[in-house]
Amino acid sequence: LALLAALAVVVLTTADDSPGRARGQAGGEPVAAVGTPSVAPRLRGEVAGTIGVLSFNALKYLGPKRALHDWRRVARRTDVNLIGWQETRNDPWADAAAAFEGEGWRTWQYPDLSGPKQLAVSWRPDVLRLVDVTWQRVHDGATPRETERPFPARYVVRARFVHRASGLTVTLLNTHLNH
C-alpha cells in the first residue's frame, strides 16, 4: 500500500525563451511556474490515504503579530496535516505554536540552542500519531571570521508518525541548509 502525500514545494527554475514558461534543471522539461500548485504523479498500488504536507520558513525576525498571522495562514488550511517549519528560533513563533495547541495541532521543537531549535514539526494528532523525532547535525555553521554571512549550525530533523486511518508510517525530513 502506498500513502499518497501532497507536498508543497517551491521550485527555482530558469526561464526559457517562451514567456510564462520555466524549465526544470533535469532534462529541460517544462515545470509549473514558481508558486503554482501541482499534483504529484499517481503512484502504483493502492492509495491508503491522503495527507497534506507543507514546508514553511517562519522568518526568525518576525514579531508577534506576523508570527501569529503566518501560523493562521498555514494551520487553518483544512488540507494540511503536517508542517515542517524552519527559522523557528524565536519567542513570537513559539507563542503562536502554543496558541494553536488549542486548535488541534501539536508541535515538536528542540528546547534549546544546543540542538536544532531552528527547526520544528507540527501535526494534527487526529490524523497522525507521533512515533519519534531524531536529528543529526550536518554542518557546524560559520562565524563572522569565516564568512561575511555567518550562520548557525545546521541540522536535519526526522519525525516519524503513524497515519491513524491506514496504520502506515509517515516520515518527514525537515532541514534548512545554506546554498
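What you see is a predicted model; the values in this text were computed from it and never measured.

Undergrad: Which residues make up the pattern of salt bridges, and what values do they have?
TA: Under the criterion given, the structure shown has eight salt bridges. Where Arg 106 meets Glu 101, a salt bridge forms, and the shortest distance between an N and an O atom there is 3.6 Å. The residue Arg 160 makes a salt bridge to Asp 132 at a minimum N-O spacing of 2.8 Å. Of this pair, Arg 160 sits in strand 10 (residues 154-163) while Asp 132 sits in strand 9 (residues 128-139), placing them 28 residues apart in sequence.

Undergrad: Tell me about the sheet that holds strand 9, residues and numbers included.
TA: Strand order in the open sheet formed by three strands is 9-10-11, with antiparallel pairing between adjacent strands. Of all strands in the sheet, those bounded by a partner on one side alone are strand 9 and strand 11 (169-175). Neighbour-to-neighbour, the strand axes of this sheet turn through a mean angle of 15°, independent of strand direction. Strand direction decides the pairing type here: strand 10 and strand 11, joined by seven bridges, are antiparallel. Among the inter-strand pairings, Phe 161 is bridged to a residue of strand 11, identified as Val 170.

Undergrad: Please give an account of the side chain of His 176 that cites residues and values.
TA: The residue His 176 is located in the segment after strand 11 in this model. A distance of 3.0 Å separates polar atoms of two side chains, one belonging to His 176 and the other to Glu 87. If near-sequence neighbours (up to four positions away) are discounted, His 176 is found in contact with Asn 57, Gln 86, Glu 87, Leu 119, Arg 154 and Tyr 155.

Undergrad: Outline unusual backbone geometry, listing residues and values.
TA: We note that Glu 87 has phi near 60°; this positive angle belongs to a residue other than glycine. In this structure, Glu 87 sits in the loop between strand 6 (82-86) and helix 2 (91-101).

Undergrad: Tell me about the pairing of strand 8 (residues 119-123), residues and numbers included.
TA: Across a regular strand the side chains alternate sides, sitting on one face of the sheet and then on the other. Burial within strand 8 is extensive, with five of its five residues counted as buried. Burial of the side chains of strand 8 extends over both faces: Leu 119, Val 121 and Trp 123 are buried on one face and Ala 120 and Ser 122 on the other. In the sheet, strand 6 pairs with strand 8 via five bridges, with the strands oriented antiparallel. When the bridges of strand 8 are listed, Trp 85 appears paired with Ala 120. Strand direction decides the pairing type here: strand 7 (residues 106-109) and strand 8, joined by four bridges, are antiparallel. In the strand pairing of strand 8, Arg 106 is matched with Trp 123.

Undergrad: Residue-level account of the environment of Gln 136, with values.
TA: Within the element layout of this structure, Gln 136 appears in strand 9. Gln 136 sits 21 residues away from Val 157 along the chain, and the two C-alpha atoms are 6.6 Å apart. Other than its neighbours up to four places away in sequence, Gln 136 contacts Arg 154, Tyr 155 and Val 156.

Undergrad: Requested: an account of helix 1 (residues 64-75), with residues and values cited.
TA: In a regular helix each residue adds 1.5 Å, so 12 residues correspond to 16 Å; helix 1 covers 16 Å between its end C-alpha atoms and thus fits that length. Those residues of helix 1 that sit buried are Ala 67, Asp 70, Trp 71, Val 74 and Ala 75. The arc that holds the buried residues of helix 1, viewed along the axis, is 110°, so those residues lie on one side. Close packing links the buried residues of helix 1 with strand 5 (47-57), strand 6, helix 2, strand 7 and strand 8.

Undergrad: Residue-level account of the nonpolar core, with values.
TA: In this structure, Leu 82, Val 121, Trp 123, Leu 128, Phe 161 and Val 170 are the most contacted members of the largest nonpolar core, which totals 17 residues. Listing elements by their share of this core, those giving two or more residues are strand 5, strand 8, strand 10 and strand 11. Counting 15 residues, the second largest nonpolar core, distinct from the first, contains Ala 58, Val 74, Ala 75 and Val 80.

Undergrad: Give a description of the packing of aromatic side chains that names residues and reports values.
TA: Applying the stated criterion across every chain yields a total of eight aromatic pairs. Consider the rings of Tyr 110 and Trp 135, whose centres lie 5.2 Å apart with planes at 75°: the pair is edge-to-face. Linking Tyr 110 in the loop between strand 7 and strand 8 with Trp 135 in strand 9, this pair joins segments that are 25 residues apart in sequence. Three or more aromatic residues link up through ring pairs in this structure, and these residues are Phe 56, Trp 71, Trp 85, Trp 93 and Phe 100.

Rules of the game
- Residues numbered from 1 in each chain as written.
- Predicted model: local features only at pLDDT ≥ 70, side-chain atom pairs only at ≥ 80, totals over all residues.
- Heavy atoms only, no water.
- Salt bridge = Lys/Arg side-chain N within 4 Å of Asp/Glu carboxyl O.
- Helix = DSSP H or I, 4+ residues; strand = E, 2+ residues; numbered from the N terminus.
- Pairing = 2+ DSSP bridges.
- Axes fitted to C-alpha atoms, helices over the stretch in contact; angles between N-to-C directions.
- Polar contact = N/O pair within 3.5 Å; in protein donor to acceptor, adjacent residues only side chain to side chain.
- Contact = heavy atoms within 4.5 Å.
- Buried < 20%, exposed > 50% of the residue type's maximum accessible area, 1.4 Å probe, protein only.
- Expected span 1.5 Å × (residues − 1).
- Arc of directions from axis to C-beta.
- Core = buried A, V, L, I, M, F, W, Y, C linked by side-chain atoms within 4.5 Å.
- Phe/Tyr/Trp six-rings, centres within 6.5 Å; stacked < 30°, edge-to-face > 60°.

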